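Residues per chain, in single letters:
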Amino acid sequence: MYPIQQQMPQAVMVYPIDPYVVETLMSVKGKRVLIETTRGGISGCVADVKPDHVVLDTRGAKFFVRISEIVWIMPE
């Protein structure tokens, strides 16, 4: 008889991707936008877009905003 080996449960990271928000952000890349998040609003130029975050350039300062925290986007 072989001893029963129990496996430790493995954590699985889930990163929700919202393809419509990513597509919208890609369409305004290089342009100024106002983004409302669950923590408040931020405006700047869309410098880069990734599946899970967007990079806003606000007067030389870079802000990395998680797409899952975005409520709405408005081009300026």
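No experiment lies behind these values; they were computed from the predicted model shown.

Draft legend 1. Looking closely at unusual backbone geometry. The backbone of Arg59 shows a phi angle near 50°, a positive value even though the residue is not glycine. Within the secondary structure, Arg59 is located in the loop between strand S3 (53-58) and strand S4 (61-66). For Arg59, a relative accessible area of 85% translates into the label exposed.

Draft legend 2. Main features of a nonpolar patch on the surface. Together, Val71, Trp72 and Met74 make up an exposed nonpolar region whose accessible area comes to about 290 Å². Turning to its location among the elements, Val71 is positioned in strand S5 (residues 70-75). On the basis of relative accessible area, Val71 is assigned to the exposed category, the value being 52%.

Draft legend 3. Structural detail: the sheet that holds strand S2 (residues 40-49). If you trace the 5 strands from one edge of the open sheet to the other, you get S4-S3-S2-S1-S5, paired in antiparallel fashion. Two strands lie at the open edges of the sheet, namely S4 and S5, each paired on one side alone. Each strand of the sheet is rotated relative to its neighbour by a mean of 45°, with strand direction disregarded. Taken together, the 6 bridges between S3 and S4 define a ladder with antiparallel strand orientation. Looking across to S4, one finds that Leu56 is bridged to Phe63. Where helix H1 (residues 19-27) meets the sheet, its contacts fall on strand S1 (32-37), S2, S3 and S5, and the angle it forms with S5 comes to roughly 25°.

Rules used throughout
- Residues numbered from 1 in each chain as written.
- Predicted model: local features only at pLDDT ≥ 70, side-chain atom pairs only at ≥ 80, totals over all residues.
- Heavy atoms only, no water.
- Helix = DSSP H or I, 4+ residues; strand = E, 2+ residues; numbered from the N terminus.
- Buried < 20%, exposed > 50% of the residue type's maximum accessible area, 1.4 Å probe, protein only.
- Patch = residues over 30% accessible without salt bridge, like charges linked within 9 Å, V, L, I, M, F, W, Y side chains within 5 Å.
- Areas by Shrake-Rupley, 256 points an atom, 1.4 Å probe, with all protein chains shown as cover.
- Salt bridge = Lys/Arg side-chain N within 4 Å of Asp/Glu carboxyl O.
- Pairing = 2+ DSSP bridges.
- Axes fitted to C-alpha atoms, helices over the stretch in contact; angles between N-to-C directions.
- Contact = heavy atoms within 4.5 Å.

None of this, on its own, says anything about what the molecule does.
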